[in-house]
Amino acid sequence: MTDATPTPATEAGSTPDAPDYDAITRDIADVPAVEVITTVAVHLLSAAAVNLGLDKPDSEHKDLDEARKLITALAGLVTASATEISSFHAAPLRDGLKSLQLAFREASIVPDEPGQGPGEKFTGPVFG
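About the thresholds
Residues numbered from 1 in each chain as written. Predicted model: local features only at pLDDT ≥ 70, side-chain atom pairs only at ≥ 80, totals over all residues. Heavy atoms only, no water. Helix = DSSP H or I, 4+ residues; strand = E, 2+ residues; numbered from the N terminus. Buried < 20%, exposed > 50% of the residue type's maximum accessible area, 1.4 Å probe, protein only. Contact = heavy atoms within 4.5 Å. Areas by Shrake-Rupley, 256 points an atom, 1.4 Å probe, with all protein chains shown as cover. Polar contact = N/O pair within 3.5 Å; in protein donor to acceptor, adjacent residues only side chain to side chain. Expected span 1.5 Å × (residues − 1). Bend = angle between axes of the 7 residues up to and from the residue. Core = buried A, V, L, I, M, F, W, Y, C linked by side-chain atoms within 4.5 Å.

1. Let's talk about the overall build of the chain
So, step 1. A count of helices and strands for the chain gives 5 helices and 0 strands.
So, step 2. Going from N to C terminus, the chain has its helices and strands arranged as α-α-α-α-α.
So, step 3. By the burial criterion, 30% of the 128 residues in the chain qualify as buried.
So, step 4. Within the chain, contacts between residues at least 6 apart in sequence are counted, and of these 55% link residues at least 24 apart.
So, step 5. Taken as a whole, the chain presents about 8500 Å² of accessible surface, with 59% of it coming from carbon and sulfur.

Quick look at the structure:
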């Protein structure tokens with residue numbers, strides 16, 4: 001005979017095989033905003049670098065259209081959150097963003113006009 005007493009997991013509406021969404025939500029709520037923002041920014045930085053072909057020579061993942069989108073999203077995030085996450089966290093993100101913008105300009109066959117490159121509507125023109 002099985003024990004019919006509900007467990008905390010089944011009381012919360014999850015099964016032993018399903019995640020406990022209440023616990024996951026609490027875990028997310030415990031993460032400081034600066035950590036969430038910087039984590040997302042690092043993911044955008046990494047994805048843009050791969051799409052620029054910076055991961056390895058003759059990368060098969062090079063896609064400048066995708067890189068442009070990721071760099072623009074990163075620029076918006078970094079620009080909008082810089083005052084919220086402090087210079088300590090924002091400065092390295094800005095440096096990484098600028099490096100990606102310059103790498104994009106170098107990789108592009110037809111360079112954008114100054115101020116028209118990826119993310120430059122948020123950062124202003126980027127020069128090496």
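2. What about the side chain of glutamine 101?
So, step 1. Relative to the elements of secondary structure, glutamine 101 occurs in helix 4 (residues 64–107).
So, step 2. A polar contact of 3.3 Å, which involves the side chain of glutamine 101, links it to the side chain of threonine 123.
So, step 3. Excluding residues within four positions of it along the chain, glutamine 101 makes contact with Ile71, Pro118, Gly119, Glu120, Thr123 and Val126.

3. Here's the deal with helix 4
So, step 1. Compared with an ideal rise of 1.5 Å per residue, which puts 44 residues at 64 Å, helix 4 spans 8 Å between its outermost C-alpha atoms and falls more than 12% short.
So, step 2. Largest kink in helix 4: about 135 degrees, centred on serine 86.
So, step 3. Where helix 4 starts, the residue carrying a side-chain oxygen 3.2 Å from the main-chain nitrogen of aspartate 65 turns out to be aspartate 63.

4. Some remarks on the nonpolar core
So, step 1. Among the nonpolar cores identified, the biggest contains 21 residues, and Leu52, Ile71, Leu74, Leu93 and Leu100 are the most heavily contacted of them.
So, step 2. Where this core is concerned, the elements lending two or more residues are helix 3 (33–51) and helix 4.
So, step 3. Sorting elements by how many residues they give to this core places helix 4 first, with 14 residues.
So, step 4. With near-sequence residues (within four places) excluded, leucine 100 lies in contact with Leu45, Ala48, Ala49, Leu52, Leu54, Ile71 and Leu74.

5. Thoughts on the side chain of threonine 38
So, step 1. When you line up the elements, threonine 38 lands in helix 3.
So, step 2. For threonine 38, the side chain forms a polar contact with the main-chain oxygen of valine 34, separated by 2.9 Å.
So, step 3. Residues contacting threonine 38, with those up to four places away along its chain left out, are Ile85, His89 and Leu93.

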